[in-house]
Amino acid sequence: MNKQSSGSLLARNGVSFLLPFIVITSCFALWGFANDITGPLVKAFSKIFRMSVTEGALVQVAFYLGYFCMAFPAALFIQRYSYKAGVILGLSLYAAGAFLFIPAQMTGIYFPFLLAYFIMTCGLSFLETSCNPYIYCMGPEETATRRLNLAQAFNPIGALAGMYVAMQFVQAKLNPMDSAARGTLTPEEFEAVKNEDLWVLIQPYIYIGAIILLLLLIVRFMKTPKAGDSRSEKKLSTAIKELANIKNYREGVIAQFFYVGAQVMCWTFIIQYGTHVFMSEGMDEQSAEILSQKYNIAAMVFFTCSRFICTWFLKYIAPGRLLSILGLLGTLLTAGAIVLTDRSGIYCLVGISACMSLMFPTIYGIALRGLGDNVKFGSAGLIMSILGGSVFPPLQALVIDSGISAAGLPATNLSFIIPLVCFIVITAYGCRAYNRRNSNII
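Remember, it's a predicted structure, so these values are computed and weren't measured experimentally.

Conventions we followed
- Residues numbered from 1 in each chain as written.
- Predicted model: local features only at pLDDT ≥ 70, side-chain atom pairs only at ≥ 80, totals over all residues.
- Heavy atoms only, no water.
- Helix = DSSP H or I, 4+ residues; strand = E, 2+ residues; numbered from the N terminus.
- Rg over C-alpha atoms; globule rule 2.2 N^0.38 Å.
- Buried < 20%, exposed > 50% of the residue type's maximum accessible area, 1.4 Å probe, protein only.
- Contact = heavy atoms within 4.5 Å.
- Areas by Shrake-Rupley, 256 points an atom, 1.4 Å probe, with all protein chains shown as cover.
- Phe/Tyr/Trp six-rings, centres within 6.5 Å; stacked < 30°, edge-to-face > 60°.
- Lys NZ or Arg CZ within 6 Å of the ring centre and 35° of its normal.
- Axes fitted to C-alpha atoms, helices over the stretch in contact; angles between N-to-C directions.
- Parallel < 35°, antiparallel > 145°, perpendicular 65-115°, else oblique.
- Left-handed = near helix turned anticlockwise from the far one by under 90°.
- Nonpolar A, V, L, I, M, F, W, Y, C, P; charged D, E, K, R; others polar.
- Expected span 1.5 Å × (residues − 1).
- Polar contact = N/O pair within 3.5 Å; in protein donor to acceptor, adjacent residues only side chain to side chain.
- Salt bridge = Lys/Arg side-chain N within 4 Å of Asp/Glu carboxyl O.

Draft legend 1. Expanded view of the overall build of the protein chain. For the protein chain, the count of helices and strands is 21 helices and 2 strands. In terms of overall dimensions, the protein chain is globule-like: its C-alpha atoms have a radius of gyration of 21 Å, near the 22 Å expected for 442 residues. Taking the principal axes of its C-alpha atoms as reference, the protein chain extends roughly 65 × 50 × 35 Å. In the protein chain, buried positions account for 60% of the 442 residues. Across the protein chain, the fraction of contacts at a sequence separation of at least 24, relative to all contacts at a separation of at least 6, is 84%. Total accessible area computed for the protein chain in this model is approximately 16,600 Å², and 67% of it derives from carbon and sulfur atoms.

Draft legend 2. Structural context of the packing of aromatic side chains. Taken as a whole and assessed by the stated rule, the structure comprises 32 aromatic pairs. Taken together through their ring pairs, the aromatic side chains of Phe 45, Phe 49, Phe 63, Tyr 64, Tyr 67, Phe 101, Tyr 110, Phe 111, Phe 113, Tyr 117 and Tyr 205 make up a single cluster. Taking the ring centre of Phe 190 as reference, the NZ or CZ of Arg 50 above it sits at 3.7 Å. Positioned above the aromatic ring of Phe 221, the side-chain terminus of Arg 220 is 5.2 Å from the ring centre.

Draft legend 3. Quick look at the packing of helix H17 (residues 359–368) against helix H21 (residues 417–438). Running from N to C, H17 and H21 point in directions that differ by 40°, and their axes come no closer than 12 Å. Between H17 and H21, the angle is such that the two are oblique. Considering how the two elements wind past one another, H17 and H21 form a crossing that is left-handed. Every residue of H21 that contacts H17 at Met 359, Ile 363, Ile 366 and Ala 367 is listed here: Phe 423, Ile 426, Tyr 429 and Ala 433. Grouping the constituent residues of the contact of H17 with H21 by class yields 8 nonpolar, no polar and no charged.

Draft legend 4. Inspection of helix H14 (residues 285–313) at higher detail. Between its terminal C-alpha atoms H14 stretches 41 Å, which fits the 42 Å expected from 29 residues at 1.5 Å a residue. The distance from a side-chain oxygen at the start of H14 to the backbone nitrogen of Gln 286 is 3.3 Å, and the residue carrying that oxygen is Asp 284.

Draft legend 5. Looking closely at the environment of Ile 338. For Ile 338, the location among the structural elements is in helix H15 (residues 319–339). We classify Ile 338 as buried; its relative accessible area is 7%. It is 4.7 Å that separates the C-alpha atoms of Ile 338 and Asn 413, two residues lying 75 residues apart in sequence. With residues near it in sequence (within four places) discarded, Ile 338 still touches Leu 409, Asn 413, Phe 416, Ile 417 and Leu 420.

Draft legend 6. Representation of the pattern of salt bridges in the model. Within the structure shown, the criterion is met by 6 salt bridges. Residues Glu 251 and Arg 432 are paired through a salt bridge, measuring 2.7 Å at the closest nitrogen-oxygen approach. Of this pair, Glu 251 sits in helix H12 (residues 247–268) while Arg 432 sits in helix H21, and the two are 181 residues apart along the sequence. The exposure class of Glu 251 is buried, given its relative accessible area of 15%. Put simply, Glu 251, Arg 432 and Arg 436 are held in one network by salt bridges that share partners.

Read these as geometric descriptors, not functional statements.
Right, here's the structure in full:
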């Protein structure tokens, strides 16, 4: 039996962390909302501004670039102050970015939206850099991976809400005019349609900004016992050198980079994939997009259920072994999405989400194992690896825009070769981590 089955889950040195765990876990749901309302809007931005898929994917570049830029500043901040202070600053930036959608809509220009996304995700970077190690420290290290998986299980609940809001309150309410018809509008007609659509698009961000402010007040006045908040005078350069020499951690950062890239690609371009399939069946563009989003929501339901199931499995199966098994299944399903050109390919994309459910928190927990006082900086490095969500989607979008085909497979299908490579890397890390654990090698 896996050693993770023993030990208290939410107590440390006789102190219960139940209430802080509940409040901090709500942050996981809220950044899940932000992440997964964004993916479907890549297609919406492309349509509203009459852009290519690649230009629309700049939303994901701006979104995940914020994670990369703020991870180590966030680590330095929480090292100087506390995890709680990091959460408060993260929520503040999250709310500020959400409310910046209002002036962005007033300008009617694409790039202010990218700035709003960037600021919002600077806040998310602070939140993830603070919340993940905070949860990690809310109990003994031997139950840390289970604890992270439990907290992360609420992330897809927020993600589901984000997907539903994107479908029901954005995609369904946008002007039904398709991309080709928008291209025939006069400049005056185009501006009128664009402004109406942008107002529809920003409303969810206004509401979520208000919710974030409410949570900010709760966290500010909540009494939280200290967990892993001991201050250290260690220099960033020293910590980075020490971390770089730990093979398990170094490979974990690489695996996380590829995982986030795979996740963002599978959840963003299922819209393009499904739209292509459904339009080939004779469906109009808007109906095809909405039906594709329904499949995306189904994928998130599988992801959510699988997260709880896999958290239970971790009581009996070593994290590295379970990660490698799910990585292999994800690889096979991605191959199916590439070679199948009908709805079967969409079913494969939905199934991939069940495989991805375990990956982020498990890679995170494995990589942080044995880091000691480097946990905060180690967490920052893993959050920086979220940059994969900024690097890989534009590459996949370029393949889709190229219109290339091979062996009768359209560009949309061929573009999923990129997430296929990502899942191979994740599978390899799971195998190596399991072998190292059995050999007691860090």
